[in-house]
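# Observations on the three-dimensional arrangement
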Amino acid sequence: MTIHTCGHCRPFSLCFKLATLLAASVFVFLSSLGTAISQEKTVTIAAWADYIPPEVISGFEARTGIKVVYDTFDSLEFLETKLLTGGSGYDLVLPSALVANRLIQAGALQELDKAQFGNYANLDPDILAFLAKHDEGNKYGVPYLWGTTGILYNPKLVSERLENAPVGSLDILFDPEIAAHFADCGIAMIDSPEEVVAIALNYLGLDPFTADAAVLEQAEALLTSVRPHIRHFRTGAIINGLADGDLCLVLGWSGDAGLAHARAIDAGNGIEIAYAIPREGTEVFFDFLSIPVDAPNPENAHRFIDYLMEPEAIAEVTNQYFYPNGNKAAFELVAEEVKNDPSVYPPSEIMEKLFPNLPREHGALRLLTRSWTRFKSGS
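A quick note: this is a predicted structure, and the numbers were derived from the prediction, not measured.

## Side note on the overall build of the protein
Along its length, the protein carries 17 helices and 11 strands. Out of the 379 residues in the protein, the part that is buried amounts to 52%. Residue pairs in contact within the protein that sit at least 24 positions apart in sequence constitute 73% of those at least 6 positions apart. Surface accessibility of the protein: about 17300 Å² in total, with carbon and sulfur atoms responsible for 55%.

Have a look at this one:
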């Protein structure tokens, strides 16, 4: 039998196999090349829902040709765990300054290349100085938005249940006899243990950042006393819950009140949402723009950060989401009704009662986390 050969006398079947393998290799190479090219034209962002306006994202995409992939998280603890584990696939993340501090210490964030920023000079030096307490030398983060944690409420539903309700005091949430009046119309809290516990401790006249287990137990006792009246801790559901009338009282973030009110107006349902900074004082928070150490597309992340430092872009964020920003050059572009709203830009006498979130010792953080888990579960 004659065996037909090709090339250097290799059997046809072997040639066919080699050709098939070669074709498969070329396909894999081209597929990988296509994936790489695709990745080069994307930036994957992890942020809160409703935290970067679609108009700002589309403006960046039109300017650069880079597609934004927007992923959301419902708690900072989830984001922190994902970044510490590694391989998140995120190019840009928006942690709080407090969480960013821990991520920096753990080596989970990369140092920013400020040479890639053309708009860095627009940032507010005072806010940069504050954030340097969490990020020495401002190496790993750029300020995004800041705000306060306070009382979001539906004036109509609240007044119907309790005349002259103390909406300007944390008594409305932390006194079980008062909170009980609003259980039926819906009370919620952000799922942010460090913030809520610090606010509870401050309300009790105690050190918000104590490491004393006995003192932390006092905060847990306070929170546990109102637990039966709290409907949920789903941070991402608060805005719509208020806007739809499914919630009437929330311990949450200042900007979410403005967003909920705007959505109620859009829906035409007549619901009004108000916000009060509690007279006992509360926490002021700042959020970072940072890049994970293993970001697939760090250059694209730098470009997006630089875009958000343009006064026009960040002013649009503030005007839509009712959070002040860390960009001094953008202030004049902020809408008058926003910049003159004391719940967005608090006056000096209110600012004096605010305290920043500060890092806790590891042992205290572990105790706090366990306490929060018991509180949420009602056990």
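This is not the end of the story, as more comes after the structure.
## Some remarks on the confidence of the model for the protein
In the predicted model, the protein carries a mean pLDDT of 90, and 90% of its residues have values of at least 70. Taken as a whole, residues 1-24 scores under 50 in pLDDT and shows six contacts with residues more than four places along the chain or in a different chain.

## Side note on helix α2 (residues 54-64)
All buried positions along α2 are accounted for by Val-56, Ile-57, Phe-60 and Thr-64. All buried residues of α2 project into a common sector of 100° when viewed along the axis, lining one side. Opposite the packed face of α2, turned more than 90 degrees from it, sit the exposed residues Pro-54 and Ala-62. On its buried face, α2 sits against β3 (42-47), β4 (67-72), α13 (298-308) and α14 (311-321). At the C-terminal side of α2, Gly-65 shows a positive phi close to 80°.

## A word on the packing of aromatic side chains
Taken as a whole, this structure holds 18 aromatic pairs when the rule is applied. Ring geometry for Trp-146 against Phe-286: centres 5.7 Å apart, planes inclined by 25°, an arrangement best described as stacked. Of this pair, Trp-146 sits in strand β6 (residues 142-153) while Phe-286 sits in strand β10 (residues 282-289), and the two are 140 residues apart along the sequence. A single burial state applies to Trp-146 and to Phe-286, both of which are buried. Ring-pair connections join several aromatic residues into one group, and the members of that group are Trp-48, Tyr-51, Phe-73, Tyr-144, Trp-253, Phe-285 and Tyr-323. Positioned over the ring face of Phe-331 is Lys-339, at 4.7 Å from the centre of the ring.

## What to know about unusual backbone geometry
Residues other than glycine seldom take positive phi values, yet Asn-138 does so here, at roughly 50°. At Asn-164, a residue that is not glycine, the phi angle is positive and equals roughly 60°. As for its placement among the helices and strands, Asn-164 is situated in the loop between α6 (155-161) and α7 (171-174).

## Regarding the state of the cysteines
Under the definition given, this model contains one disulfide. There is a disulfide in this structure between Cys-185 and Cys-248, and the S-S distance comes to 1.9 Å. Linking Cys-185 and Cys-248, the disulfide has an S-S dihedral of approximately 60° and is accordingly described as right-handed. Of this pair, Cys-185 sits in the loop between α8 (176-179) and β7 (187-189) while Cys-248 sits in the loop between α11 (238-243) and β8 (249-253), and the two are 63 residues apart along the sequence. Taking the relative accessible area as the measure of exposure, Cys-185 reaches 6% and is therefore buried. In this structure Cys-248 comes out as buried when scored by relative accessible area, which is 0%.

## Here we look at the pairing of β4
With six bridges connecting them, β3 and β4 associate as parallel partners. By the bridge assignment, Val-43 is partnered in β4 with Val-68. The handedness of the β3 to β4 crossover, carried by α2, is right-handed.

## What to know about the nonpolar core
Formed by 122 residues in total, the largest nonpolar core has its most connected members in Tyr-144, Phe-174 and Phe-182. For this core, the leading source of residues is β6, giving seven residues. Contact partners of Phe-174, with chain neighbours within four places excluded, come to Met-189, Ile-199, Ala-200, Tyr-203, Leu-222, Leu-223, Ser-225, Val-226 and Leu-251.

## Section: the packing of helix α9 (residues 193-203) against helix α17 (residues 362-377)
For the pair α9 and α17, interaxial distance at closest approach is 10 Å and the crossing angle is 90°. Of the possible angle classes, the one that applies to α9 and α17 is roughly perpendicular. Contacts from Pro-193, Glu-194, Val-196 and Val-197 in α9 reach Leu-365, Leu-368 and Trp-372 in α17. Grouping the amino acids of the contact of α9 with α17 by side-chain chemistry returns six nonpolar, no polar and one charged.

## Here's the deal with the sheet that holds β4
In a beta sheet, neighbouring strands pair by backbone hydrogen bonds and run either parallel or antiparallel. Here we have three strands laid out as an open sheet, ordered β4-β3-β5, and parallel in their pairing. The open sheet has two free edges, formed respectively by β4 and β5 (92-93), since each of these has just one partner strand. Across two bridges, the pairing between β3 and β5 is parallel. Considered in β5, the bridge of Ile-45 is made with Leu-92.

Thresholds, definitions, all that
- Residues numbered from 1 in each chain as written.
- Predicted model: local features only at pLDDT ≥ 70, side-chain atom pairs only at ≥ 80, totals over all residues.
- Heavy atoms only, no water.
- Helix = DSSP H or I, 4+ residues; strand = E, 2+ residues; numbered from the N terminus.
- Buried < 20%, exposed > 50% of the residue type's maximum accessible area, 1.4 Å probe, protein only.
- Contact = heavy atoms within 4.5 Å.
- Areas by Shrake-Rupley, 256 points an atom, 1.4 Å probe, with all protein chains shown as cover.
- pLDDT = per-residue confidence, 0-100.
- Arc of directions from axis to C-beta.
- Phe/Tyr/Trp six-rings, centres within 6.5 Å; stacked < 30°, edge-to-face > 60°.
- Lys NZ or Arg CZ within 6 Å of the ring centre and 35° of its normal.
- Disulfide = S-S within 2.5 Å.
- Pairing = 2+ DSSP bridges.
- Right-handed = clockwise from strand over helix to strand, strands pointing away.
- Core = buried A, V, L, I, M, F, W, Y, C linked by side-chain atoms within 4.5 Å.
- Axes fitted to C-alpha atoms, helices over the stretch in contact; angles between N-to-C directions.
- Parallel < 35°, antiparallel > 145°, perpendicular 65-115°, else oblique.
- Nonpolar A, V, L, I, M, F, W, Y, C, P; charged D, E, K, R; others polar.

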